[in-house]
Amino acid sequence: MIYIYFFFTLEFLWIRNLNFSLSVGDLHYSANACLLPICSLYGMAVTTVEGVGSTRTRIHPVQERLAKCHGSQCGFCTPGMVMSIYTLLRNHPEPTYEQMTAALAGNLCRCTGYRPILDACKTFCKVRTSDYRREKILVLFSFSFKESARLFSPDEFQPLDPTQEFIFPPELMRMAENQPKRTLVFHGERMMWISPVTLDELQDLKAAHPKAPLVVGNTGVGPDMKFRGVFHPIVIAPARIPDLNVVKCMSDGLTIGAACSLSLMKDVLRNAILELPEEKTKIFYAVLQQLRTLGGEQIRNVASLGGNIISRKSTSDLNPILAAGNCMLNLASQGGKRWIPLSDIFANGVGNNAIMPEEVLVSVHIPHSRKYISAFRQAPRRENALPIISAGMRVLFEEGTDKIKDLSIFYGGAASTTVCAKQACQTLIGRYWNEQMLDEASRLILNEIILPNSASDGKIEYKKILIVSFFYKFFLEVLQSLKTMDPCRYPGIPMEYESVLENFQTKMPQSIQIYQNVELSQSPQDPVGRPIMHQSGIKHATGEAVYIDDIPSVDGELFLSVVTSSRAHAKIVSVDTSEALKEPGVFDIITANDVPYMICISQVICVGQIVCAVAADSYAHAKQAAAKVKIEYEALEPVILTIEDAIRHNSFFEPKRKLERGDVDKAFETVDHILEGEIHIGGQEHFYMETQSVLVVPKGEDKEMDVFVSTQHPAFIQEMVAASLGVPANRIMCHVKRVGGAFGGKLLKAGLLASVASVAANKTNRAVRLILSRGDDMLITGGRHPFIGKYKVGFMNDGRIRAVDVKYYINGGCTPDESVLVAEVSLLKMDNAYKIPNLRCWACACKTNLPSNTAFRGFGFPQSGLVTETWITEVAEKTGLSPEKVREMNMYKEDEQTHFKQKLDPQNLIRCWNECMEKSAYYSRKTAIEEFNKQNYWKKKGIAIVPMKFPFGLGSRYLSQAAALVHIYTDGSVLLTHGGIELGQGIHTKMIQVASRELNIPMSYIHFCETSTTTVPNACASVGSAGTDVNGMAVKDACQTLLKRLQPIINENPKGNWNDWIKEAFEQSVSLSATGYFRGYDADMDWEKGEGQPFTYFLYGTACSEVEINCLTGDHKNLRTDIVMDIGCSINPAVDIGQIEGAFVQGIGLYTMEELKYSPEGVLHTRGPDQYKIPAVCDIPEQFNVSLLSSSQNPYAIYSSKGLGEAGLFLGCSVFFALRDAITCVRNERGLKKTFALNSPLTAEQIRAACTDDFTKMVIGRWGSDLFNYV
Ligand SMILES: Cc1cc2nc3c(=O)[nH]c(=O)nc-3n(C[C@H](O)[C@H](O)[C@H](O)COP(=O)(O)OP(=O)(O)OC[C@H]3O[C@@H](n4cnc5c(N)ncnc54)[C@H](O)[C@@H]3O)c2cc1C
Ligand code: FES
């Protein structure tokens, strides 16, 4: 899927031959702008986010509520969210929770963790009494009058008034009514779009252009053209032909036109189920079940039934079930019409000629089917993800028996198209529906469905397990249905098996956020400590907020497209740009000769390294030409990709680091037990919504250049660009208005891209824009370091851990970047919340031929912390104690020293732990879970509570210095700037709060324009959660300087107001501009001695998570999370809670979902949202509570706050350990080995493999294989 942030609504009249109660009138559809061909919009009204409302006209309630409920952080996803909600409200002004979560299933947000977005959505929903009661109960959930649970006040919201919405444009209405339909032809530079209106015309066109695709939704053809280099000079669009849009309810089934959208099909099936007797609609249920999770609503609104079928994609959810249901295809060509069974089109694989190139699919007939038919799917994410395996199964018994008369089993995802277990089905005819048949069927199916070993996702064994597990589920479903027919003969399935028949559903999450109220004595005007809306929230929601690609184009501007290496380690023999230079619109090609050191010259050391860049007059031209650059390579050895390879080749970045306390070797001699183990933690893609972007504008004088860039560190960009151009830094002006998410990924990599763009701008003397596509961004820029932790732990019978020896290896990729620093931080933070008296830890950064990995929220701690929590859990398993007891026992308790001798006071760590225990009702829920697990065999629940100590600090004083500049104008307005970057963390909002308190003026007087190297020079990077701490000090300093200057004037006229004082100050020649400065925090670390004070203070937190797993599929559901965090005194609880939730959900992604896949040659396979799954609405806990620890002080940071952007991510591992708890229960019940290793991310594949049963044995051949990481 291509994820874009502009969605728009299509409003148009549907005049269709419907037999069901679908109303005829104007309907509204959301759609993905990036896939929808503009030509397909003829006759439709399109509304973009700017048309919904704006600050210049009227803000729409959707925009207002998203912003005021704090549903927007970086804002890049916000217009998409607005459009999805707006569209739903146009169709259903009072939607249900289910409709709302379904509407958002196709939207992604990387910042918020979705909770505040859903809070905004809820304000529009018709709440069912039961939901309402549940929320009320939650609100009663203990908190004192000093605390608040309100982050926004709904009384402020404008009501939603559907009568105020735009109407369908009358011109278009008249056009639809009066103008006869005629064929439309649009010509582009290279393509022709033909849209006929009759079937005859279509048949003629298809006969004339048999290779031309029929494009309806373009969701199949579009991605091929955009990403896979497929080109079609002629496209035929059949959507306006009535025959392809019919919906007919026949006596034996439903006939649905091939051009009908999947959304329409969903509605039609839902209505059919309501109107027809149950025995006729079983197949409709099954298809509907697949449609619910197929794509998101934006995709289903445009994707057609015919397109899904004819594409014959392996991953089709519909083909297996439609084939199993004996559906028929109505085909037409100049030669006439014919009906064929749908199963024929993939009977011999994708390339079979069951459909002739000149034939078109007119409609699909779905016959009524009696009882036993079902569909199944398992995907990397429950919603909006292509299936790993999908299946459709149908069985017919001889009258009144359970003897098989007919059986159909089809699978998607197993081979290059849908496949049928034909022979197995034939063999099983005549068998009775019992265990014996199940066993035989499973073996026959496994023998018949051959999975190609070349599958790029590499999930071969998992797919096989799913193939048999789905059949088993079907077996259970049928047994249960037989029981309803004749309970005496067919007893059904055991009660404890029943729950597995139900799939997990996405429910509207419930949540509560608790924070400390400001003191009653605080001035109402003083905003500090209050949940103030993000300063740009409304502009995010109206689409007015400007990101790099929104900056209007400059005269003569060029676009840059990068050409990257396709080899991991090779000599460049030649780069041939001659063909590329001949392409239309090409201006120049930037090579290593232009940017030495930035672009590789003679050798490539990873796939994705920039070899050259093409500058052309449009993005499309630059991209087309880039594809024409030919690079010849000569392979070099060795190719080192993994940590294991690096260890084998002794390939490391120096220095390696080590810390030691106590006498580890001696301690190992005295302990009761020793355990040893290893955990692998995969990398993580930043997946910021705004990809790396830069616009460079030469100013034409003195080699000055404006660089507009999406970065966390403008001063570094300035330095890199200046060095690349050989000019002093004072000629380069870097500007950052806002960044659409960064998470550590927009530091060094942004510098490289800005250098290339500025060299291109300098060479061509034109403005140059470089916006990386998602695929290039993922390929080039690296991410979180993959990690291996090898541990040896010595402990006593009572659970006390006495000795730990642990080694960390991190995969740094091909250049040092910050890898050694990440390794150091992983060592410094590895103790997490525990005092280990004898501890030795080592870390080294491996040098490999992967793209260079870099900083990512948490910076090494999420990995080393997970290793620690893993061995803690294993100690619990070995001793038979509960994990929480072992955690409690080994936790820091009183004033202590860390393993590098820094003092810490763990009082708030213990408070967070105790409060979380209490707020989550840990023990009573644990008991309830035990009871649930006893009563359910195939579904299990698990719970885990994990504490956290998160040290704050940047390691050196100079890295935490900061400056601010505050101007007061004679009208009293204030312009504020500082060195921090707005990445979505709300730093500018907080800085305005600080300035408002210090100057004692309302926030509305203060404006923030941009961060720029022209106003604040040499600013440090916005990293390490430190932005507010350090810039806040600088802003406070500047404001205090100004106030000191104003004080005599205020003293002279105490009854005057701000404007009077400013006017007077100006007249008295008092300077109204001041800089503020903060020197940074003392920090030192002596790695030789292994001791120091690298951190300024500590944050603490605890998270308790509960999950439920499906042991047959490996699927899981996050049921509940409670977090208690000590963040000192929050400057803005709404922003801070948002940071905790957003980071936590990113942590869920890291530990349970996000999986990077490389080929054995080092080519990244996961290069977009279709292959790489970040958490969506369906992944957040159904109940998600966050409390900020009250009465916590921090003398080191502004207003006693604590910097918290990163900390919450680690707490996502509570879900990992809850999953482990559920798996442990399964394994204990089945008498499997107690000790087992689980790697991160703990995906459905791993969960399924760890829940060993007869099916996994059947596939893997023994009790687990190395692939599934058993030990
Ligand atoms: C983000 C995303 C998520 C998705 N998720 C899922 C999923 O979870 N499960 C799933 O099953 N699918 C999924 N899909 C695939 C999607 O369902 C199909 O791409 C879609 O149904 C194709 O319909 P279309 O109208 O867009 O096809 P188009 O792209 O317009 O056409 C696709 C092909 O079908 C042919 N074609 C179309 N209509 C006819 C006709 N009447 N006669 C003959 N040939 C015809 C065209 O020639 C073309 O080759 C997803 C797609 C995207 C982009
Ligand atoms: S606010 Fe959603 S991606 Fe940033």
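Keep in mind that what you see is a predicted model, and the values were worked out from it rather than measured.

Re the overall build of the protein
Tallying secondary structure elements over the protein gives 38 helices and 45 strands in all. In terms of overall dimensions, the protein is globule-like: its C-alpha atoms have a radius of gyration of 31 Å, near the 33 Å expected for 1271 residues. Counting only C-alpha atoms and orienting by the principal axes, one finds that the protein spans roughly 95 × 80 × 70 Å. Classification of the 1271 residues of the protein by burial places 62% in the buried group.

So, the site of ligand 1
Near ligand 1 you find 31 residues, and of these V216, G217, T219, S304 and D317 are the closest. Between an oxygen atom of ligand 1 and a main-chain N or O atom of N218, the distance comes to 3.0 Å. The contact in question runs from an oxygen atom of ligand 1 to an N or O atom on the backbone of G220, over 2.8 Å. Burial of ligand 1 by the protein chains amounts to 90% of its free accessible area of 980 Å². For the shell around ligand 1, the elements supplying multiple residues, two or more each, are α13 (305-311) and β12 (360-367). With four residues, α13 is the largest single contributor of residues to the shell around ligand 1. Tallied by class, residues from the shell around ligand 1 come to 18 nonpolar, eleven polar and two charged.

Points about the UniProt feature "active site" (unreviewed entry) in the protein
According to UniProt, the feature "active site" (unreviewed entry) maps to E1206 in the numbering used here. Here E1206 shows up in the loop between β45 (1183-1188) and α35 (1208-1211). Once residues lying within four places of it in the same chain are set aside, the contact partners of E1206 are R857, G858, F859, F950, G1024, S1025 and A1143.

Some thoughts on the packing of aromatic side chains
Overall, the coordinates contain 29 aromatic pairs when judged by the stated rule. Residues F76 and Y547 carry aromatic rings whose centres are separated by 4.8 Å and whose planes lie at 85 degrees to one another, so their mutual orientation is edge-to-face. You can see F76 sitting in the loop between α2 (61-68) and α3 (78-91) and its partner Y547 sitting in the loop between α18 (537-542) and β18 (558-564), a full 471 residues away along the chain. Overall, F76 belongs to the buried group, its relative accessible area being 13%. Accessibility expressed as a relative area gives 3% for Y547, which makes it buried.

Some thoughts on the sheet that holds strand β21 (residues 603-604)
Judged by pairing direction, the sheet is antiparallel, and its three strands sit side by side in the order β21-β19-β23 without closing on themselves. At either end of the open sheet lies a strand with only one pairing partner, and these are β21 and β23 (630-635). Direction of pairing for strand β19 (residues 570-576) relative to β23: antiparallel, over a ladder of six bridges. Considered in β23, the bridge of V575 is made with I631.

Some remarks on the sheet that holds β18
Strand order in the open sheet made by the eight strands is β20-β22-β18-β29-β26-β27-β28-β39, with mixed pairing throughout. Taken across any chain shown, the strands that pair with only one partner, and hence form the sheet edges, are β20 (586-590) and β39 (1011-1012). Bridge count between strand β26 (residues 693-698) and strand β27 (residues 705-709): five bridges; the pairing is antiparallel. Each residue of the ladder has a partner; that of L695, found in β27, is F708. Across the sheet, helix α20 (residues 619-626) is in contact with β18, β20, β22 (610-616) and β29 (768-771); its angle to β18 comes to roughly 25 degrees. Along the sheet, helix α24 (residues 748-764) makes contact with β18, β20, β22, β26, β27 and β29, crossing β26 at roughly 30 degrees.

A closer look at unusual backbone geometry
In this model, E637 is joined to P638 through a cis peptide bond whose omega is -10 degrees. Along the chain, S1240 connects to P1241 via a cis peptide bond; the corresponding omega equals 5 degrees. In this structure, P1241 sits in the loop between α36 (1213-1229) and α37 (1244-1250). Phi at F743 takes a positive value of approximately 60 degrees, unusual for a residue other than glycine. Residue position: F743 is located in the loop between β28 (732-736) and α24. For F743, a relative accessible area of 12% gives the class buried. In the Ramachandran plot, F859 falls in the positive-phi region, its phi being about 50 degrees despite a non-glycine side chain. Counting through the fold element by element, F859 comes out in the loop between β32 (838-847) and α27 (861-879).

Quick notes on the UniProt feature "binding site: substrate" (unreviewed entry) in the protein
The feature "binding site: substrate" (unreviewed entry), as given by UniProt, occupies F859 in the numbering adopted here. If we ignore the near neighbours within four places in the chain, the residues touching F859 are R784, E818, L821, V822, V825, S826 and E1206.

A short note on the pairing of β22
Burial analysis of β22 places seven of its seven residues in the buried class, which makes it a mostly covered element. Sheet topology places β18 next to β22; six bridges connect them, and they run antiparallel. Within β22, the position partnered with V562 by the bridge is A613. With four bridges connecting them, β20 and β22 associate as antiparallel partners. Counted as the bridge partner of I590 is A613 from β22.

Structural notes on the pattern of salt bridges
Throughout the structure, instances matching the rule amount to 59 salt bridges. Note that E64 and K68 form a salt bridge whose closest N and O atoms lie 2.8 Å from each other. Of this pair, E64 and K68 both sit in helix α2, four residues apart, which is roughly one turn of the helix. Overall, K68 belongs to the partly exposed group, its relative accessible area being 21%.

Each value, and the rule that gives it
Residues numbered from 1 in each chain as written. Chains lettered and ligands numbered in written order. Predicted model: local features only at pLDDT ≥ 70, side-chain atom pairs only at ≥ 80, totals over all residues. Heavy atoms only, no water. Helix = DSSP H or I, 4+ residues; strand = E, 2+ residues; numbered from the N terminus. Rg over C-alpha atoms; globule rule 2.2 N^0.38 Å. Buried < 20%, exposed > 50% of the residue type's maximum accessible area, 1.4 Å probe, protein only. Near = heavy atom within 4 Å. Polar contact = N/O pair within 3.5 Å; in protein donor to acceptor, adjacent residues only side chain to side chain. Areas by Shrake-Rupley, 256 points an atom, 1.4 Å probe, with all protein chains shown as cover. Nonpolar A, V, L, I, M, F, W, Y, C, P; charged D, E, K, R; others polar. UniProt positions renumbered as here; feature names shortened; annotations may be inferred. Contact = heavy atoms within 4.5 Å. Phe/Tyr/Trp six-rings, centres within 6.5 Å; stacked < 30°, edge-to-face > 60°. Pairing = 2+ DSSP bridges. Axes fitted to C-alpha atoms, helices over the stretch in contact; angles between N-to-C directions. Salt bridge = Lys/Arg side-chain N within 4 Å of Asp/Glu carboxyl O.

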